[in-house]
Amino acid sequence: MAVIHRTTLKPTKLELLTSWLPTRPWYEGGPGEPELTKAGGFRLDDPEGEVGIEFMVVTDASGAGPAAYLVPLTYRGAPLDGAEHALVGTMEHGVLGQRWAYDGCHDPVLVAQLLALIEGRVQAQAQSLTDTPDQEVGRSYTGDGLPSAAFVPTATDDHDGTEIPLPDGTLLRLHRVLRPTASDTPDAPPLPPQGAIGHVAGAWGGPDGSRVHAVFAVLGAGPRA
């Protein structure tokens, strides 16, 4: 179980992301510095208790209109071997000391726990509360079983997301640019796209204070699930 510490981070997560987001091919902001706000997300527990796992939603007001991005992050107490290209930055945590923050799509622990969430083997946890399930996170899976052992992911970014091939031949796609899902029942979690065999959906706070829902991740058999 991850313990949420009420302490300081220097620099803050948003300060790290202000520099990192514009380097991503899926970033849609203008030429200036992003204007970021933490809008929501959830956490997953590392079974070993060593790695912090957070799926953060940030909104950016710097472009022509507000944009929402999904930023999966892992926090480690030491560098992750072979993942220098995925380092978002380092922070000084008021309780845990120096922490290395990584783009979680390249971290075996995050990917393994995301697959466990899709399959229903673990439960999403509240972003800022200890030992509190996040009831707004929806998931589904209709396949025969996903890889349960951690593997080194090969993640590739494009203009709106990240694709991760799985050892069983399926493809996991994370929607980095979040598109709110229209629904006749606004409080209902979004359903998986047609043809998907699994998905994760979540919510965040909109600029007007409403709760906005979207599909965060999709599991499918093709190159563009």
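Before reading on, note that the structure itself is shown above.
Here the structure is a predicted model, which is why all the values come from computation and not from measurement.

Our next topic: the overall build of the chain. The number of helices and strands found in the chain is two helices and 13 strands. By principal-axis analysis of the C-alpha atoms, the chain measures approximately 45 × 40 × 35 Å. Burial status across the chain gives 50% buried among its 225 residues. For the chain, the accessible area works out to roughly 10600 Å², and carbon and sulfur atoms hold 52% of it.

To continue, consider the environment of Thr142. Position of Thr142 among the secondary structure elements: in the loop between strand 8 (138–141) and strand 9 (156–157). What makes Thr142 exposed here is its relative accessible area of 63%. The contacts of Thr142, once residues within four sequence positions are left out, are Ala196 and Ile197.

Across all of its chains, the model carries twelve salt bridges by this definition. Here Arg24 ties to Asp157 by a salt bridge, and the two come within 3.8 Å at their closest N and O atoms. Here the residue Arg24 occupies a position in the loop between helix 1 (13–20) and strand 2 (36–44), and Asp157 occupies one in strand 9, the gap between them amounting to 133 residues. A relative accessible area of 22% means that Asp157 is categorised as partly exposed. Here Arg76 makes a salt bridge to Asp107, at a shortest N to O gap of 2.8 Å. Of this pair, Arg76 sits in strand 4 (residues 67–76) while Asp107 sits in the loop between strand 6 (97–103) and helix 2 (108–119), placing them 31 residues apart in sequence. Like Arg76, the residue Asp107 is buried in the burial classification.

Below, the discussion takes up the side chain of Arg173. One can find Arg173 in strand 11 (residues 171–175). Take Arg173: its relative accessible area is 2%, and that puts it in the buried class. At a separation of 3.1 Å, a polar atom in the side chain of Arg173 contacts the side chain of Glu163.

Mapped onto the secondary structure, Thr59 falls in strand 3 (residues 52–60). Those residues within four positions of Thr59 in sequence are excluded, and the remaining contacts are Glu35, Leu36, Thr37, Ala39, Ala67, Ala68 and Trp204.

Taking 1.5 Å of rise per residue, twelve residues should cover 16 Å, and helix 2 covers 17 Å from first to last C-alpha, within 8% of that figure. Those residues of helix 2 that fall on the buried side of the exposure criterion are Pro108, Val109, Leu110, Val111, Ala112, Gln113, Leu114, Leu115, Ala116, Leu117 and Ile118. The first or second residue beyond helix 2 is Gly120, which carries a positive phi of 90 degrees.

The next subject is the nonpolar core. By size, the foremost hydrophobic cluster in this structure holds 35 residues, and its most contacted members are Phe42, Phe55, Leu172, Leu174 and Trp204. Of all the secondary-structure elements, those providing two or more residues to this core are strand 2, strand 3, strand 4, helix 2, strand 11, strand 12 (198–205) and strand 13 (211–220). One finds Trp20, Tyr75, Val88 and Ala101 within the second-largest nonpolar core, a separate group that totals 18 residues.

This part covers the packing of aromatic side chains. Under the criterion given, the structure shown has six aromatic pairs. Consider the rings of Trp26 and Tyr69, whose centres lie 5.9 Å apart with planes at 45 degrees: the pair is tilted. Of this pair, Trp26 sits in the loop between helix 1 and strand 2 while Tyr69 sits in strand 4; the two residues are 43 residues apart in sequence, bridging distant segments of the chain. Judged by its relative accessible area of 0%, Tyr69 falls in the buried class. One aromatic cluster in this structure is built from Trp20, Trp26, Tyr27 and Tyr69.

The subject of this paragraph is helix 1. Turning to helix 1, its buried residues number three or more, namely Lys13, Leu16, Leu17, Thr18 and Trp20. Residues of helix 1 that are buried sit in contact with strand 1 (9–10), strand 2, strand 3, strand 4, strand 5 (87–93) and strand 6.

Rules behind the numbers
- Residues numbered from 1 in each chain as written.
- Predicted model: local features only at pLDDT ≥ 70, side-chain atom pairs only at ≥ 80, totals over all residues.
- Heavy atoms only, no water.
- Helix = DSSP H or I, 4+ residues; strand = E, 2+ residues; numbered from the N terminus.
- Buried < 20%, exposed > 50% of the residue type's maximum accessible area, 1.4 Å probe, protein only.
- Areas by Shrake-Rupley, 256 points an atom, 1.4 Å probe, with all protein chains shown as cover.
- Contact = heavy atoms within 4.5 Å.
- Salt bridge = Lys/Arg side-chain N within 4 Å of Asp/Glu carboxyl O.
- Polar contact = N/O pair within 3.5 Å; in protein donor to acceptor, adjacent residues only side chain to side chain.
- Expected span 1.5 Å × (residues − 1).
- Core = buried A, V, L, I, M, F, W, Y, C linked by side-chain atoms within 4.5 Å.
- Phe/Tyr/Trp six-rings, centres within 6.5 Å; stacked < 30°, edge-to-face > 60°.

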